[in-house]
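Take a look at the letters that make up each chain.
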Amino acid sequence: MSARSSDPITLSVDEARERILAEFAPLELTAAPLDDALGLVTTEPVVALGDLPPFDNSAMDGYALRSADTAAASDATAVTLQVIGQAPAGYRAPTAVPPGAALRIMTGAPIPDGADAVVRFEHVAMLAADHIAIHRPVQQGENIRPAGEDARWGEVILTVGTRIRANEIALLASSGHASVAVHRRPRVGVLVTGDEVIAPGEPLGPGQIWNSNGPMVAAQVRQSGGVPVVLGVTTDSPAAVRGRLAEIDSLDLLLTTGGISVGDFDVVKDVLREEGHIELWSLRIKPGKPLAFGQVGQTPVIGLPGNPVAAAVAFWQFGYPAVRAMLGHREVQLPQIEARLLDRAENRGDRRQFVRVRVEQDAQGYTARFAGGQGSAMLTSLAASNGLLVVPEACDVAGPGDLMTVQMPGWDLG
């Protein structure tokens, strides 16, 4: 990776993403407990450790009985059965069900010996405390969930490469698994630069701003499935930046914000190039334009722009795919939909523009409306948006009614 040219390399969004992804691969394997498996990816087939369900059980609250005893039941003629006990969930029935009898049973309780059906409470009439009347035949197997109905012992229940959602966690737990083999979560450092940046909650001095990039990018890392390592804010001092770089050996990726443009005090790019192998890129993207990528020691580095919206957009286009690649996902880019634009979007300069929009659904499908001002430092519209409308480089103007691609950072499409 060449890094010493002083002139930024001009790249498209797709070219930059392709170069970045070429440097990332799934991380080593680990066994994740189920309470930390959400969003991870299975690395080996997962089999059921027993039948699911493990025994025949009642699908309803009602009475367990012998179906043959109800064959003569009709609207005109009731069959009367004696209730000889009850079968609560979590316990074996205290007795078998002989002919002419029934056991009161709760949902999930094991089917007692002798019974082959369950009639719901609402389908019987109580004649006395220990007798019920039934006015219709009950079919064999009615309201019974047989053992192994969902999965059999040794059956593959999750294939390799499955993204683990809450649904999969339920299946894993019900099949006897307390953990699952996955790629470990990447540790992603977040370093913010700028003499003017101070921590939220601190009183602002002249020319100072509160740090929004750090908490935002850390949240994006966490939302993507990584573990953010907050490195705080460093001043625009080469010595200060070098000091923070000494802390990155244990990271799988370092994200910086700011200091990579052409300003007099944008020193991060210089320090990164002195300490590692870094390329400076001028991207055909809006918002944002500068991006840095390379390596310091053994740690990959992505230098995001300093303007907060530009940093957010750049993370979704380049940081998110890198994190997903390290997790072993098959699909590493944001989920996207097609939506009808309700506003007019102008796009000049042969750049791919990402417009903050509010996506809603109507009878015809999805619509997208501007979430507010589109300046690269305007966070109110970022907070009001739930999608990024993509205006291609070759499209100068997109207008109301145009069907456009919209990336959906908050969506989970599996």
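Preceding this section is the structure that the text describes.
Treat the numbers as computed from the prediction; the structure is a model and nothing was measured.

Peer 1: Which parts of the structure should I look at to understand the packing of aromatic side chains?
Peer 2: The way to describe two aromatic rings as a pair is by their centre distance and the angle between their planes. Per the stated rule, a full pass over the model turns up six aromatic pairs. Judged by centre distance (6.4 Å) and plane angle (40°), the ring pair of phenylalanine 24 and phenylalanine 293 falls under tilted. One end of the pair, phenylalanine 24, is in the loop between helix H1 (13–21) and strand S2 (29–33); the other, phenylalanine 293, is in strand S21 (residues 290–296), with 269 residues separating them in the sequence. For the pair formed by phenylalanine 24 and phenylalanine 293, the shared burial category is buried. With a centroid separation of 5.7 Å and an interplanar angle of 65°, the aromatic rings of tryptophan 316 and tyrosine 320 are classed as edge-to-face. Separated by four residues within a single helix, tryptophan 316 and tyrosine 320 lie in helix H6 (residues 308–327), roughly one turn from each other. Within the aromatic cluster, the residues linked to one another by ring pairs are Phe24, Trp281 and Phe293.

Peer 1: Sorry, what's going on with the sheet that holds strand S10 (residues 131–134) here?
Peer 2: For sheets, the rule is that strands pair by backbone hydrogen bonds, running either parallel or antiparallel. The strand order across the open sheet formed by six strands is S8-S5-S7-S6-S10-S9, and the pairing between neighbours is mixed. Single-partner strands in this sheet number two, and they are strand S8 (117–120) and strand S9 (124–128). Direction aside, the axes of adjacent strands within the sheet are offset by 40° on average. When S9 meets S10, the two strands line up antiparallel, connected through four bridges. Within S10, the position partnered with valine 124 by the bridge is isoleucine 134.

Peer 1: So what exactly am I meant to see when it comes to the packing of H1 against H6 here?
Peer 2: How two helices pack is summed up by the angle between their axes together with the distance between the axes. Where H1 meets H6, the closest approach of the two axes is 10 Å, and the angle between their N-to-C directions is 30°. Considering their axes alone, H1 and H6 lie roughly parallel with respect to each other. For H1 against H6, the interelement crossing comes out right-handed. Along its contact with H1, which presents Val13, Ala16, Arg17, Ile20 and Leu21, the element H6 presents Gln317, Phe318, Pro321, Ala322 and Ala325. Of the residues contributing to the contact of H1 with H6, the split by class is eight nonpolar, one polar and one charged.

Peer 1: Quick question: what am I supposed to make of the sheet that holds strand S1 (residues 9–11) here?
Peer 2: Strand order in the open sheet formed by seven strands is S1-S19-S21-S22-S18-S14-S17, with mixed pairing between adjacent strands. Every interior strand has two partners, whereas the edge strands, S1 and strand S17 (227–234), have only one. Across this sheet, the average inter-strand angle for adjacent strands is 25°, counted without regard to direction. Strand direction decides the pairing type here: strand S14 (residues 187–193) and S17, joined by six bridges, are parallel. The residue bridging glycine 189 from the neighbouring strand is valine 229, located in S17. The strands touched by helix H4 (residues 238–245) are S14, S17 and strand S18 (253–257); relative to S17, the strand with the most contacts, the crossing angle is about 160°. Sitting on the sheet, H6 is in contact with S14, S18, strand S19 (277–283), S21 and strand S22 (299–304), with an inclination near 160° to S22.

Peer 1: What's the story with the nonpolar core in this structure? I'm lost.
Peer 2: Nonpolar side chains tend to gather and get buried jointly when the protein is soluble and globular. If you look at the biggest cluster of nonpolar residues, it comprises 55 residues, and the most contacted ones within it are Ile20, Leu291 and Phe318. Ranked by residue count, the leading element in this core is H6, at 14 residues. The residues contacting isoleucine 20, other than those within four sequence positions of it, are Trp281, Leu291, Phe293, Ile302, Phe318 and Ala322. Counting 18 residues, the second-largest nonpolar core is a separate cluster that includes Leu231, Ile260, Val267 and Leu272.

Conventions we followed
- Residues numbered from 1 in each chain as written.
- Predicted model: local features only at pLDDT ≥ 70, side-chain atom pairs only at ≥ 80, totals over all residues.
- Heavy atoms only, no water.
- Phe/Tyr/Trp six-rings, centres within 6.5 Å; stacked < 30°, edge-to-face > 60°.
- Helix = DSSP H or I, 4+ residues; strand = E, 2+ residues; numbered from the N terminus.
- Buried < 20%, exposed > 50% of the residue type's maximum accessible area, 1.4 Å probe, protein only.
- Pairing = 2+ DSSP bridges.
- Axes fitted to C-alpha atoms, helices over the stretch in contact; angles between N-to-C directions.
- Parallel < 35°, antiparallel > 145°, perpendicular 65-115°, else oblique.
- Left-handed = near helix turned anticlockwise from the far one by under 90°.
- Contact = heavy atoms within 4.5 Å.
- Nonpolar A, V, L, I, M, F, W, Y, C, P; charged D, E, K, R; others polar.
- Core = buried A, V, L, I, M, F, W, Y, C linked by side-chain atoms within 4.5 Å.

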